[in-house]
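Chain residues, written in single-letter form:
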Amino acid sequence: MALNRKTQGLIRKSHRYLGLFLGIQFIFWTVSGLYFSWTDIDAIHGDDYRIHSPSISFDNLLTSDSLFSQLTISKIALRDLNGVPHFWINGLDLYNASSGKKRQGISKDEALYVASQNMIPELNYKTIELIVSTDAHHEYRGRPLPAYAINYKHPEAITAYISYADGGFQTVRHRDWRWFDFLWMTHTMDYQSRDNFNTTLLRVFSLLGIITVLSGFVLFVVSSPTIRKLKGKLF
């Protein structure tokens, strides 16, 4: 492949500046890939801080017929809130399963009780707050709101989230998960939801990355003394 000096200079300059422009993203891709390959995904999910909550069993519950004769029930779940049985109906309404009284959310004490049934007993809670909204970057994004955020005294800055509407345990977040989330964002280049692999930015950088690599191959071929000597012998 014979290229004049001007063309070779243009390829070299393009390769150099593309490498400089893409270098930081390449570092993010490499570092995040190494982190993902060396981490235990169950630990990232917070399984080390979770326990299997005991099965819920109560006696003398009101029947669904006596409670909701005027309702069409498509699904029903039993909740244990501070030792008191509750029905979560159709994913919308919470009722005391003993008295039939409708509830408008759970209390902080009930949220702490639910957390205690799902988190390891070694953890000591520090603060509890009710969150009513989250942005696209919040660690609790995309889950039911309002919710109680229960923060624990722990080097990993552990937070458990309990749904305000029904007392359902939602998730646990901690420092390693937050690092994973940040690196996942840089890996996918989706700086909004984290989960979109089809962003224009990712496509552009991927194409530019291929161009950078190919330009490097071209430079090697046209500037390698070994290849020039080989071509001289063959042709």
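Everything discussed here concerns the structure shown above.
### Details of the packing of aromatic side chains
Turning to step 1, where the next piece is worked out: For the structure shown, the criterion picks out 9 aromatic pairs.
Turning to step 2, where the next piece is worked out: Judged by centre distance (6.3 Å) and plane angle (10°), the ring pair of Phe180 and Trp184 falls under stacked. Of this pair, Phe180 and Trp184 are both found in helix 5 (residues 175-188), 4 residues apart, which corresponds to roughly one turn of the helix.
Turning to step 3, where the next piece is worked out: Three or more aromatic residues link up through ring pairs in this structure, and these residues are Tyr35, Phe36, Phe180 and Trp184.

### Focus on the pairing of strand 6 (residues 147-152)
A regular strand places its side chains so that they alternate between the two faces of the sheet.
Turning to step 1, where the next piece is worked out: Taking burial as the measure, the 6 residues of strand 6 include 6 buried ones, the bulk of the element.
Turning to step 2, where the next piece is worked out: Here 6 bridges tie strand 5 (residues 125-131) to strand 6, and the two strands are oriented antiparallel to one another. Paired with Glu129 across the strands is Ala149, a residue of strand 6.
Turning to step 3, where the next piece is worked out: For strand 6 and strand 7 (residues 159-163), the ladder comprises 5 bridges, and the chain directions are antiparallel. Bridge pairing in strand 7 links Ile150 to Ala160.

### Quick word on a nonpolar patch on the surface
Turning to step 1, where the next piece is worked out: A cluster of nonpolar side chains, namely Leu207, Ile210, Val213, Leu214 and Phe217, defines an oily patch on the protein surface of about 510 Å² accessible area.
Turning to step 2, where the next piece is worked out: Mapped onto the elements of the fold, Phe217 is located in helix 6 (residues 200-223).
Turning to step 3, where the next piece is worked out: According to the relative accessible area criterion, Phe217 is exposed, its value standing at 54%.

### So, the nonpolar core
Turning to step 1, where the next piece is worked out: In this structure, Met119, Ile150, Tyr152 and Ile162 are the most contacted members of the largest nonpolar core, which totals 21 residues.
Turning to step 2, where the next piece is worked out: In terms of residue count, the dominant contributor to this core is helix 4 (residues 108-116) (4 residues).
Turning to step 3, where the next piece is worked out: Setting aside residues up to four positions removed in sequence, Met119 forms contacts with Tyr49, Arg50, Ile51, Tyr152, Ile158, Ala160, Phe169 and Val172.

About the thresholds
Positions within a chain are numbered from 1, following the residues in the order the chain's sequence is written. Side-chain atom pairs in this predicted model are given and counted only at pLDDT of 80 or more, local residue features only at pLDDT of at least 70, and totals for whole chains, interfaces and linings cover all residues. The basis for every side-chain value is the complete set of heavy atoms in the structure, and neither hydrogens nor water enter the calculation. Only rings of Phe, Tyr and Trp enter the pairing, Trp through its six-membered ring, and a pair is recorded when the two centres are within 6.5 Å. The plane angle decides the type: under 30 degrees is stacked, over 60 is edge-to-face, the rest tilted. Secondary structure elements are taken from DSSP: a helix is a run of H or I of four residues or more, a strand is a run of E of two residues or more, and numbering for both begins at the N terminus. Working definition: with a 1.4 Å probe on protein chains only, accessible area under 20% of the residue-type maximum means buried, over 50% means exposed, and in between means partly exposed. The rule for pairing is simple: two strands pair if DSSP sees at least two bridges between them. Patches were defined on residues exceeding 30% relative accessible area and lacking a salt bridge, with like-charge contacts within 9 Å and nonpolar side-chain contacts (Val, Leu, Ile, Met, Phe, Trp, Tyr) within 5 Å. Accessible surface is estimated by sampling points in the Shrake-Rupley manner with a 1.4 Å probe; for residues, cover comes only from the protein chains shown. The term salt bridge refers to a side-chain nitrogen of Lys or Arg lying within 4 Å of a carboxyl oxygen of Asp or Glu. Among the buried residues, those of types Ala, Val, Leu, Ile, Met, Phe, Trp, Tyr and Cys that are joined through side-chain atoms within 4.5 Å form a nonpolar core. Note on contacts: a residue pair is in contact if any heavy atoms of the two residues lie within 4.5 Å.

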